[in-house]
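Residue-level listing of the chains:
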Amino acid sequence: MKILDNASQREHYDLVVVGSGAAGLTAAATAAHAGLNVLVAEKSSLLGGTSAVSGGMLWVVDNHYARESGIADSKTAGRAYVEAVARGRGRTELLDSAIEHGPDMLRFIADELNVEFLFLDNFPDYRQDLPGAITGGRTIEPQLFNYREALGELADYLRTDGRHPYTMQEYETWGAFTKFPWDEMNQRMADGIAAKGHALVAMLLAACRRLDVTFAVNARVTHLAGDADGITGITIEDGTRVSAGAVMLASGGFEWDHALADSLLASRLYAMCSPPSNTGDGLKMAQRVGAATKGTREAWWAPMSLTGGMRDGSPIGSLLRFERQGPGSIMINRHGQRFANEAQNYNDLARCLQSWDSPNNQTLNTPAHVVFDQSYLERYGILDHRAGQPTPDYLIAAPTLEELAEKIQVPSINLTTTVDRFNEMAVSGVDKDFCRGESEYDRYWGDSDCPWPNPSLGPLQYGPYYALEVVNGAFGTSGGVATDGNGQVIDVDGVPIRGLFAAGNVAESPCAAGYPGAGATLGPLMTMAFQAGRTIVTDSSDHLAMSVGSA
């Protein structure tokens, strides 16, 4: 264990937070802002967790940015929408807390913690076809932030995804990476500018630093001190014991414990992009003291490709976004046919990769591939590959569709027929098969400068043709330790375990099996962490008052 930023280690803290993602840092800052002594213990050598490599967006219903911009929204509409997206499988207590207190959380971290945001007034909810959805106003993202100037020594311990610093707003404006101003991006990186989740975590770390929160890295917490009657501290892997008035579990999901993920998740994961330290430590510790678990079949699903990326020595997946949503590419299944609206949100699209063909005892759609042509590559590139460069190993290329079909082992007649039909629909601007390009969300991610009627649709025009394999992936698991509406962990009978709290991917999501919009991971989970922090502060004040009274 290493204590950072010249802080002194105590034997007792009012709050120990296990994990340093956005949820953990929100709870830590909330408690420290009220005067509590807080330790954040991070398992890995870097701070920030999954949040630091995420898009950093927050989805918050009826937030003050929307109200100030004159956008009409309501908690009633937001609640109805999430219930529809989650197919009624969530717990009312958690959803009510996330919806009700989300605006308070956002106002607190903006006004009191100086976390600065950009308001995305035109970013649509993911499911425009469901009641309560709106076309913009619930998603915000962090502003660019100079983390080197703000963090001092802590800057060396901040996790990054290694990508250039651009906001999601810029990404959506520019579209494909071929349109990015790369000289400006390189200068930002040299200047120490952070964006997306990197910036969110950096600003939360800066707030915690101002509030004298203590940080420790290489500090894997292995056990909770206490039992179902109450938690009194933690034990770290090196044998260090720390007593605490409360413990907050914010240690990430269990996606990197492959055996555990296989036994709990509804579908196997073939790619993850989170830190490999997410092996379910918090879930296991909570179970040892009798905590209930809920929602463990679910993850933040996403279609990914394995393109050679690494994180902490382990291979990670690349999220496919414009690569499948831009005009001129399609997705095909093992039969050489389209099987879904390629432009829909990643969570719902990934579920299509999980379908099972029971009569034939095999997957229905996988192996799946994104298929595109040379004209697409010339316009947009694909991930970090550009036209004229040697074809990378993760791409399969062939002069004709027939030859490509042979290489990816799909029926050539199916592939050519599929492309012919798609091309006709793309030129007309109407996808009669899967309605691609009909929703505000689909068109938002298209290319408004394309020469065809629909920004989400374009024909495949000429070879060579390319295929990129797509696998079922996830940003992280989204179920785990069960809590009440204040983030306090409950046992199997629904009774709160005194002194134990949880939020983030270690815990059950207020959105259950649903993914309502961009930032629906961080917004609700940070709200639960904020509620936990406020509850810990109240409990600490009550305990102090009782101690003074008894004296």
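Being a predicted model, the structure only gives us computed values, none of them experimental.

Thresholds applied
Residues numbered from 1 in each chain as written. Predicted model: local features only at pLDDT ≥ 70, side-chain atom pairs only at ≥ 80, totals over all residues. Heavy atoms only, no water. Helix = DSSP H or I, 4+ residues; strand = E, 2+ residues; numbered from the N terminus. Areas by Shrake-Rupley, 256 points an atom, 1.4 Å probe, with all protein chains shown as cover. Lys, Arg positive; Asp, Glu negative; His and termini not counted. Charge placed at Lys NZ, Arg CZ, Asp CG, Glu CD. Core = buried A, V, L, I, M, F, W, Y, C linked by side-chain atoms within 4.5 Å. Buried < 20%, exposed > 50% of the residue type's maximum accessible area, 1.4 Å probe, protein only. Contact = heavy atoms within 4.5 Å. Expected span 1.5 Å × (residues − 1). Axes fitted to C-alpha atoms, helices over the stretch in contact; angles between N-to-C directions. Parallel < 35°, antiparallel > 145°, perpendicular 65-115°, else oblique. Left-handed = near helix turned anticlockwise from the far one by under 90°. Phe/Tyr/Trp six-rings, centres within 6.5 Å; stacked < 30°, edge-to-face > 60°. Pairing = 2+ DSSP bridges. Salt bridge = Lys/Arg side-chain N within 4 Å of Asp/Glu carboxyl O. Polar contact = N/O pair within 3.5 Å; in protein donor to acceptor, adjacent residues only side chain to side chain.

A. Geometry of the overall build of the chain. Broken down by element type, the chain carries 17 helices and 27 strands. With the C-alpha coordinates aligned to their principal axes, the bounding extent of the chain is approximately 85 × 55 × 45 Å. As presented, the chain carries roughly 20500 Å² of accessible surface, and 47% of it is formed by carbon and sulfur atoms. Side-chain charges in the chain split into 42 positive and 66 negative, and the spacing between the mean points of these groups amounts to 2 Å.

B. Quick peek at the nonpolar core. Formed by 65 residues in total, the largest nonpolar core has its most connected members in Val38, Leu58, Ile109 and Phe215. Among all residues touching Val38, those that are not within four sequence positions of it are Tyr13, Leu15, Val17, Ala28, Ala31, Ala32, Val213 and Thr214.

C. Up close: helix α15 (residues 412-428). For α15, spanning 17 residues, the distance from its first C-alpha to its last is 25 Å, which sits close to the expected 24 Å at 1.5 Å a residue. By the burial criterion, the buried members of α15 are Leu415, Thr416, Thr418, Val419, Phe422, Asn423, Met425 and Ala426. Lining the buried residues of α15 we find β19 (329-332) and α14 (401-408). Directly after α15, the chain includes Gly429, whose backbone phi takes a positive value near 90°.

D. Structural view of helix α10 (residues 281-288). Restricting attention to buried positions, one finds in α10 the residues Asp281, Gly282, Leu283, Met285 and Ala286. On its buried side, α10 packs onto β2 (12-18), β10 (221-227), β12 (241-249), α9 (258-264), β14 (293-294) and β25 (480-481).

E. Layout of the packing of α14 against α15. Running from N to C, α14 and α15 cross one another at 130°; their axes reach a closest spacing of 8 Å. By the angle class used here, α14 and α15 are oblique. Crossing of α14 against α15: the hand is right-handed. Here Leu401, Glu402 and Ala405 of α14 come into contact with α15, specifically with Ser412, Leu415, Thr416 and Val419.

F. Local environment of the packing of aromatic side chains. Scanning the model with the defined rule gives 27 aromatic pairs in all. Plain terms: the ring middles of Trp59 and Tyr81 are 6.1 Å apart, the flat faces sit at 45° to each other, and that makes the pair tilted. Linking Trp59 in strand β4 (residues 58-59) with Tyr81 in helix α3 (residues 75-85), this pair joins segments that are 22 residues apart in sequence. Tyr81 shares its class with Trp59; the two are buried. Taken together, a centroid distance of 6.2 Å and an interplanar angle of 45° make the contact between Phe177 and Trp182 tilted. Exposure remark for Phe177: the relative accessible area of 18% places this residue in the buried category. Look at Trp182 and you get partly exposed, because its relative accessible area is 29%.

G. Structural view of the pairing of strand β27 (residues 496-502). Counting buried residues along β27, five of its seven residues qualify, which places the element largely inside the surrounding structure. Relative to β27, β12 is paired through three bridges, and the arrangement is parallel. Bridge pairing links Leu249 to Ala502 in β27. Relative to β27, strand β26 (residues 488-490) runs antiparallel, the two being bridged by two bridges. If you follow Ile490 over to β27, its bridge partner there is Pro496.

H. Local environment of unusual backbone geometry. A cis amide bond links Thr366 with the next residue in sequence, Pro367, at an omega value of 5°. Note on placement: Pro367 falls in the loop between β21 (362-363) and β22 (368-373). Residue Gly463 is joined to Pro464 through a cis peptide bond whose omega torsion reads 5°. Secondary-structure assignment places Pro464 in the loop between α16 (440-444) and β24 (465-477). Positive phi, close to 55°, is recorded for Asp62, a residue that is not glycine. Along the chain, Asp62 turns up in the loop between β4 and α2 (64-68).

I. Fine view of the sheet that holds strand β6 (residues 139-142). As summarised here, the arrangement of the three strands in space is β4-β6-β5, forming an open sheet in which the pairing is antiparallel. Each edge of the open sheet is held by one strand with a lone partner, namely β4 and β5 (117-119). In this structure, β5 lies alongside β6, joined through three bridges in antiparallel fashion. Paired with Phe119 across the two strands is Ile140, which belongs to β6. Of the strands in this sheet, β4, β5 and β6 are in contact with helix α8 (residues 196-210), which crosses β6 at around 70°.

J. Quick look at the pattern of salt bridges. Enumeration according to the criterion identifies 29 salt bridges in this entry. The residue Asp62 makes a salt bridge to Lys75 at a minimum N-O spacing of 3.1 Å. With Asp62 in the loop between β4 and α2 and Lys75 in helix α3, this residue pair connects regions lying 13 residues apart in the sequence. The class for Asp62 is buried, based on a relative accessible area of 13%.

K. Focus on the environment of Gly317. Tracing the sequence through the fold places Gly317 in the loop between β17 (314-315) and β18 (318-319). Expressed as a C-alpha distance, the spacing of Gly317 and Asn63, which sit 254 residues apart in the sequence, is 33 Å. Beyond its immediate chain neighbours, meaning those up to four positions away, Gly317 contacts Ala271, Met272, Cys273, Met304, Ser305 and Leu306.

L. A look at the environment of Asp491. Turning to its location among the elements, Asp491 is positioned in the loop between β26 and β27. Classification of Asp491 by relative accessible area gives buried; the value is 16%. The sequence separation of Asp491 and Ala291 amounts to 200 residues, and the corresponding C-alpha distance is 4.2 Å. In this structure, Asp491 is in contact with Gly290, Ala291, Ala292 and Ile497, ignoring residues within four places of it in sequence. There is a polar contact of 2.9 Å between the side chain of Asp491 and the backbone nitrogen of Asp493.

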